[in-house]
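Summary of the model geometry
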Amino acid sequence: MSTPLRIAAAQSASVAGDLERNVQTHLAFVRMAAYERVQVLVFPELSLTGYEPHLLADHVLAPDHPALAPLCQAARDHAMTLVVGAPAPAAQAPDAGAGRALPAIGAWVLGPDGSVGLYRKRHLHDSEASFASAGTEDVGVQLLAGEPVGVAVCADLTHPEHAQAARDAGAALYVASALVSERGYGPESAQLEGYARQLDMGVLLANYSGRTGGYASAGRSAFWAPGGRCVAAAPDDAPCMVWAARGDSGWSGGVVELQAWTAA
């Protein structure tokens, strides 16, 4: 018998640099996820600030940052693990005389027990190198809702060795917080489907809704079951939640539109 599990991707929009407003958006998705009995909810890359590399240095979070407090409380209240995106301190201090270290692009993991974990994006786009420093972890495998999960942030997913390292470390699921444009969606979704098929892992993509940082997101967040079958996918870039549930008969899933849910 399979252990029941319900995970989801929040296809959310963000307002550039407005942590307070973005936290409220996150909390709306948490309430929707709680109604659907979700245990792990994953948001896009830099979801708390928007994908705005030039703003990274102004919004570096620490585990006790006020912006995380309501989300930590929500994780406890709903017995849910949240993976949210926000700038983080660099993985390593700069060498003496080298000046201030560039921040990292972080995936903050907020547990139902009050824990606050962090994975730093390992592979940066060339355009990010002047704003961010790379994480030093080859892969971030964490136990979420009792399940070993490999955490990836955007460009990480384009490096097959990253997904392979997660599988080698015991990950049964691979979750990617991302900003994927229309141009990139075809090849990158094919890579994710390939990881599910070749590495026999469940794979979740949490992509943005709408525009951020000058890019138009393709949306179409999705979940591929181990073996490669696409269980659920958003049809476009509208705000929604893509969920997947594992039961005795395998994986099932669906899409819940944010507007339809809040209007109910």
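This section reports on the structure supplied with the text.

Conventions used here
Counting of residues starts from 1 at the beginning of each chain's written sequence and follows it residue by residue. Totals for whole chains, interfaces and linings use every residue, but because this is a predicted model, local features are given only for residues with pLDDT of at least 70 and side-chain atom pairs only at 80 or more, for both listing and counting. For side-chain calculations, the full set of non-hydrogen atoms in the structure is used, while hydrogens and water are omitted. Helix numbers and strand numbers start at the N terminus; a helix is a DSSP run of H or I with at least 4 residues, a strand a run of E with at least 2. The quantity called the radius of gyration is restricted to C-alpha atoms. Its globule counterpart is 2.2 Å times the number of residues to the power 0.38. When a residue's accessible area, from a 1.4 Å probe over protein chains only, is under 20% of the maximum for its type it is buried; when over 50% it is exposed; and in between it is partly exposed. Any two residues whose heavy atoms approach within 4.5 Å at even a single point are treated as in contact. Buried residues of nine kinds, namely Ala, Val, Leu, Ile, Met, Phe, Trp, Tyr and Cys, make up a nonpolar core once their side-chain atoms join them within 4.5 Å. Two strands pair if DSSP finds at least two bridges between them. The path from the first strand over the helix to the second decides the hand: if it runs clockwise while the strands point away from the viewer, the crossover is right-handed. Geometry is summarised by axes, namely lines fitted to C-alpha atoms with helices restricted to the contacting stretch, and by angles between N-to-C directions that run from 0 to 180 degrees. Note on terminology: angles under 35 degrees are roughly parallel, angles over 145 are roughly antiparallel, angles of 65 to 115 are roughly perpendicular, and the others are oblique. This arc is built from the directions going out from the helix axis to the C-beta atoms. For a helix, the expected span equals 1.5 Å multiplied by the residue count minus one. By convention, a stacked pair of Phe, Tyr or Trp rings (six-membered ring in the case of Trp) has centres within 6.5 Å and planes under 30 degrees apart, an edge-to-face pair has planes over 60 apart, and any other such pair is tilted. The criterion is that NZ of a Lys, or CZ of an Arg, lies within 6 Å of the ring centre and within 35 degrees of the ring normal, and then a charge sits over that ring.

We now examine the overall build of the protein. The helix and strand inventory of the protein stands at 5 helices and 15 strands. The C-alpha radius of gyration computed for the protein amounts to 17 Å, which stays within 12% of the reference 18 Å derived for 264 residues, consistent with globular compactness. Going through the 264 residues of the protein one by one, you find that 53% of them count as buried. In the protein, the share of contacts with a sequence separation of at least 24, taken over all contacts with a separation of at least 6, comes to 65%.

Counting 55 residues, the largest nonpolar core has Ile7, Tyr174, Leu192, Leu205, Phe223 and Trp251 as its most contacted members. By residue number, the principal contributor to this core is helix H4 (residues 182-199), which donates 5 residues. Counting 32 residues, the second-largest nonpolar core is a separate cluster that includes Ala10, Phe29, Val84 and Val256.

The next thing to look at is the pairing of strand S3 (residues 81-88). The side chains of a regular strand alternate, residue by residue, between the two faces of the sheet. Within S3, 8 of the 8 residues are buried, which leaves it mostly tucked inside the rest of the structure. Pairing of strand S2 (residues 40-42) with S3 involves 3 bridges; the strand directions are parallel. Counted as the bridge partner of Leu41 is Leu82 from S3. Traced from S2 through helix H2 (residues 69-77) to S3, the parallel crossover comes out right-handed. Relative to strand S4 (residues 104-110), S3 runs antiparallel, the two being bridged by 7 bridges. Bridged to Ala86 within S4 is Gly106.

Turning to the packing of helix H1 (residues 19-35) against H2, a few remarks are in order. Contact geometry of H1 with H2 gives a least axis separation of 10 Å together with a crossing angle of 5 degrees. On the basis of their axis angle, the class for H1 and H2 is roughly parallel. Residue-level inspection shows Val23, His26, Leu27 and Val30 of H1 in contact with H2, the latter providing Pro70, Leu71 and Ala74.

Those residues of H2 not exposed but buried are Leu71, Cys72, Ala74 and Ala75. Along the axis of H2, the buried positions cluster into a sector of 160 degrees, meaning they face one direction only. The inward-facing, buried residues of H2 contact H1, S3, S4 and strand S5 (116-120). The first or second residue beyond H2 is Ala79, which carries a positive phi of 50 degrees.

Right, let's get into H4. Residues lying three or four places apart along an α-helix face the same way, a consequence of the helix completing one turn every 3.6 residues. Along its 18 residues, H4 runs 26 Å from first to last C-alpha, staying within 8% of the 26 Å computed at 1.5 Å per residue. Within H4 the residues assigned to the buried category are Gly184, Tyr185, Glu188, Ser189, Leu192, Gly194, Tyr195, Ala196 and Leu199. Lining the buried residues of H4 we find helix H3 (160-168), strand S8 (173-177), strand S9 (202-206) and strand S12 (222-224). Downstream of H4 by a residue or two, Asp200 has a phi angle that is positive, lying close to 55 degrees.

In this section: the packing of aromatic side chains. The description of two aromatic rings rests on the distance between their centres and on the angle between their planes. In the structure shown here, the tally under the stated rule is 4 aromatic pairs. A centroid spacing of 6.1 Å and a plane angle of 80 degrees characterise the contact between Phe29 and Phe43, whose relative ring orientation is edge-to-face. You can see Phe29 sitting in helix H1 and its partner Phe43 sitting in the loop between S2 and H2, a full 14 residues away along the chain. A single burial state applies to Phe29 and to Phe43, both of which are buried. With 5.9 Å between their ring centres and 90 degrees between their planes, Tyr174 and Tyr195 make a pair best called edge-to-face. With Tyr174 in strand S8 and Tyr195 in helix H4, this pair connects stretches of sequence that are 21 residues apart. Above the ring of Trp243, the side-chain terminus of Arg6 is found at 4.8 Å from the ring centroid.

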